[in-house]
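Okay, here's what each chain looks like letter by letter:
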Amino acid sequence: MTEARPAGAASASLWERDEEIAAITRAVDALCADRSSSGHLLVLRGEAGVGKTALLAETRRIAEDRGCAIWSARGGETLRSVPFNVVRQLLQPALLSLLPEEAREYLGDWYDIAGPALGVAEPGDTPADPQHVCDGLVAAVSRLATRCYPLVLLIDDAHWADQETLRWLAAFTERLDRLSVLVVVARRPEEVGGDRGRYLDTIGEAAGPRVTSITTLTPASVAGLTRATLGEHADAAFCREVWAVTDGNPYDTVELLAKVKDKGLEPTEASAAELRPLNRAARGGGLVDRLEELGVEATRFAMAAAILGGVGISIDEASRLAVMGRDTAVRCAELLRTARILTEPDPAALPAAEGDLEFVHPLIATAVYDSIPASLRTAMHGIAAKIVTEAGKGLAAASRHLIQVHPEGDQELVEQLRGAAGEHLAVGAPDAARRCLERALAEPPDPDVHAHVLYDLGCATLLTAPARTVEHLRTALALPGLEGDLRIDAVYRLSQALLHNDQMEEAVRTVEAEANRLDPGPAKMRLQAVQFMWECVHAGEAISPNRSEQLTALAATCTGRDNAERALLILRGFDAVTRGENAEEVVEYCDRALVNGGLAPGLGWTDQVWGIELLMMLSSSYAYTDRLDRADTFFNEALRTYESAGWSGGHLALAHAYLGLGLRRRGRLKEAEESLRKSLRLAERVGRGLPLYWSATCNLVDVLLCRGHVEEAWEVAEECGFAPPYPSTIVLPDPRSVRGRLLLAVGRTAEGINELEEAEKAAAVRGHLNPVMVPWAADLARALATVDPARAALLAADVRRRAERFGTDTAIGEALRCAAALETGQRAVRLAHQAVTLLESSPSQYEHAAARIEYGILSRSVSELNRGLSLARTCGADGLVEQAERALGTG
């Protein structure tokens, strides 16, 4: 226990904190000892007033003594709705020290992504992807941390930090093993709900055993603090009563002792009875009574300060809000400082303008704010919003006040809230945008604007809350106001939300019903294309039984003159490839959808009119028809586009997944695995169970099986839940086929056969007859070769017939490999040779390597085995390498 401390409030919260200070000292020393050391995260948990802020101040002192750079920030109870508030505070020292060109240089490619969130760059024209903004902030702080080593980050009152900051902090702490940075976070132990609570939990888990619970002071320490403050003559009974009244809370103890000194109370047992009334004046109603004793003007100024909140409360802004002259405001500020209600911010801890103020303790700020009558508080927030906007800080900064204003049908307020929502979306804060738009609805907006606000709200919540989006957009479409292209877009977004909400049939029926209302033209054709698009990605039984025939007839009339026609051509091509129709015809449809060999304007990867699904269908059609050069071009273009545009959520995850699919089709298995692992990491952040997560997992398992890494494939499948039930949207390659092959590979033959037979049934329901996209039949034929050779032969024959109908060298070569595996003698050798001949001219190197090795084994040809071995090594197919080496006797 700390036996003695210097007298005074500043040191009170360090009594009995030797253990915590020692841990902090060790962490700072470890940081300074080695620039290449891993970072550390310390979390200080404790009730209000227990001394967390004092420990952060001691951390600052220790770090400054060792020459560290220190950045600090603090959450605020009334500022939780302000996006990026705390991370902006944190980075201000570094950002203010950089010239604009230096900031751009240090942030590099992340400047346009993280810059708007930090307030150092103008936002773009389209909504920013929140995940990529978070990644940009992680990269920005990482680069600045390297520049400022040794660096200590201090975050106080993290339980009040905004959601966007906590998202960044949770991601940043995951990378501390690669950064030499010390992060110290102080928070109360109270429960925090929603995403903010989830991020705080993640931060706590990252700290692990370095979460320290700060306890109250023991009676002995309170007695020592009492005598250090009031004099050694303070008797034991008085000291015990101080502890009993304050429960050993350091803040309450210091405040109580200050009031004892102010009153001139003798620290004796006879005076102990007066301690409880004095203590009540430190919080809640007692503090408000004490505030009122300072006068009406001082009370009004304190209320204005509580409304404005924040680290640096401007006297000028507070005086305007309190409706008083500057001289009066300065006098009130001095009164409140003397009464230990307001104080000047510590310039070393938190940056603030000269003359700005802050509350001595958050408990006081809360008490003052809560004391303001509800109607007056609402009115003051309205005035504060005007003050903020007139100061040029923007609608987004004013929005925390705007959402508190009493609803009264103010259409100017509705437009301000819509403008604030747009600003929030532009910097990657959709949750803040949602709050603004929900508040705009409560105003309420005029009838001709109401539908537009609902549409804005639906767009803001599309990816974060599909069910809520459905409700908003349905209501918007039922109201007057949405006309023309805006209405069509609302219908499309509603169908997207239904799709994300696993309401596939309703998504199709929604666009179908709207299309039936329209006369022939581009709008009708767009909705028809959307309807077919959702049906194409549906993995279950066809919603419209004659869909393929209808799509064929509609596509026959299309020349590709606009994007609606181009979309129908792409959909026709994808439908044809899934059904195993002639590959040349598939390519013809896809080529007709291009403009000069590339994507048409308005059909780009970041364009919002059609979405990513359509372009993935186009690229996949090329991949499965052996046009891998063109497929690779589009997959790489998607990846570059999303990375440069700052989209690192689901879009980037899918881009990596489909790039991996293209690399797998080409036989570049090592590169495919690398891309798919990136996809899976990104998909994990977006959410398990979504179609993009299935795409990443399924393709990764497929590639690991091709590489011969069976145990690793099984581990991935188990960890990622790659098992029934399967998603309602189509996944390439077919997950049932891949899982069936996995089960066979791990020796669970009966289960593997059952899974492949389920794949057969599902494919029959959908008419998915392409033996390359849905390769269940070849694997099932091999599995049945010894137990049911007659059925195996029929399956192999059917695979060959379908492959010849499709017509690619890869499909026919794979069918011949299957047939050769079921034969013996010279017939097997001839079939294997035919497979080699075809696959040699296909772009699929893995299949070519497998065919070479199988032919070499059957024909006992050392040269063929060596050629196959060389190909297998190039592909990264370790299983094939082992097979060839065994056959050569070199393994």
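Residues numbered from 1 in each chain as written. Predicted model: local features only at pLDDT ≥ 70, side-chain atom pairs only at ≥ 80, totals over all residues. Heavy atoms only, no water.

Observations concerning the confidence of the model for the protein chain
Here comes step 1: Across the protein chain, pLDDT averages 90, with 96% of residues at or above 70.
Here comes step 2: Mean pLDDT in the protein chain bottoms out at helix 1 (residues 9-12), which sits at 47, and peaks at helix 37 (residues 735-745), which reaches 98. (pLDDT = per-residue confidence, 0-100. Helix = DSSP H or I, 4+ residues; strand = E, 2+ residues; numbered from the N terminus.)

Considerations on the environment of Y251
Here comes step 1: Mapped onto the fold, Y251 is located in helix 12 (residues 250-263).
Here comes step 2: Residue Y251 is classed as buried on the basis of its relative accessible area of 10%.
Here comes step 3: Sequence-wise, Y251 and A759 are 508 residues apart; in three dimensions their C-alpha atoms are separated by 67 Å. (Buried < 20%, exposed > 50% of the residue type's maximum accessible area, 1.4 Å probe, protein only.)

Observations regarding the state of the cysteines
Here comes step 1: This model, assessed by the stated rule, comprises 0 disulfides.
Here comes step 2: C706 carries a free sulfur, and the closest cysteine sulfur to it, the one in C875, is 9.5 Å from it.
Here comes step 3: Exposure remark for C706: the relative accessible area of 3% places this residue in the buried category.
Here comes step 4: C720 carries a free sulfur, and the closest cysteine sulfur to it, the one in C698, is 11 Å from it.
Here comes step 5: We classify C720 as buried; its relative accessible area is 10%. (Disulfide = S-S within 2.5 Å.)

A closer look at the packing of helix 26 (residues 504-517) against helix 27 (residues 522-537)
Here comes step 1: The geometry of helix 26 relative to helix 27 is characterised by a closest axis approach of 9 Å and an angle of 165° between their N-to-C directions. With respect to each other, helix 26 and helix 27 are oriented roughly antiparallel. Of the two elements, helix 26 crosses helix 27, and the hand of that crossing is left-handed. Of helix 27, the residues touching helix 26 (which contributes M504, A507, V508, V511, E512, E514, A515 and N516) are K524, L527, Q528, V530, Q531, W534, E535 and V537.
Here comes step 2: By residue class, the composition of the contact of helix 26 with helix 27 is 9 nonpolar, 3 polar and 4 charged. (Axes fitted to C-alpha atoms, helices over the stretch in contact; angles between N-to-C directions. Parallel < 35°, antiparallel > 145°, perpendicular 65-115°, else oblique. Left-handed = near helix turned anticlockwise from the far one by under 90°. Contact = heavy atoms within 4.5 Å. Nonpolar A, V, L, I, M, F, W, Y, C, P; charged D, E, K, R; others polar.)

Comments concerning unusual backbone geometry
Here comes step 1: Look at the link from Y149 to P150: it is a cis peptide, with omega at -10°.
Here comes step 2: Of note, the phi angle at R860 is positive, near 55°, even though the residue is not glycine.
Here comes step 3: Turning to its location among the elements, R860 is positioned in the loop between helix 43 (845-859) and helix 44 (862-875).

As for the sheet that holds strand 1 (residues 40-45)
Here comes step 1: Reading across from one edge, 2-3-4-1-5 is the order of the 5 strands in this open sheet, with parallel pairing throughout. The open sheet has two free edges, formed respectively by strand 2 (69-74) and strand 5 (211-213), since each of these has just one partner strand. Neighbour-to-neighbour, the strand axes of this sheet turn through a mean angle of 15°, independent of strand direction.
Here comes step 2: In this sheet, strand 3 (residues 151-156) lies alongside strand 2 in parallel orientation, the contact comprising 6 bridges. Its bridge partner lying in strand 3, A69 is registered against L151. (Pairing = 2+ DSSP bridges.)

Concerning the side chain of S495
Here comes step 1: Residue placement: S495 occurs in helix 25 (residues 484-500).
Here comes step 2: You can call S495 buried: its relative accessible area is 0%.
Here comes step 3: Excluding anything up to four places from it in sequence, S495 contacts A507, V511, V530 and W534.

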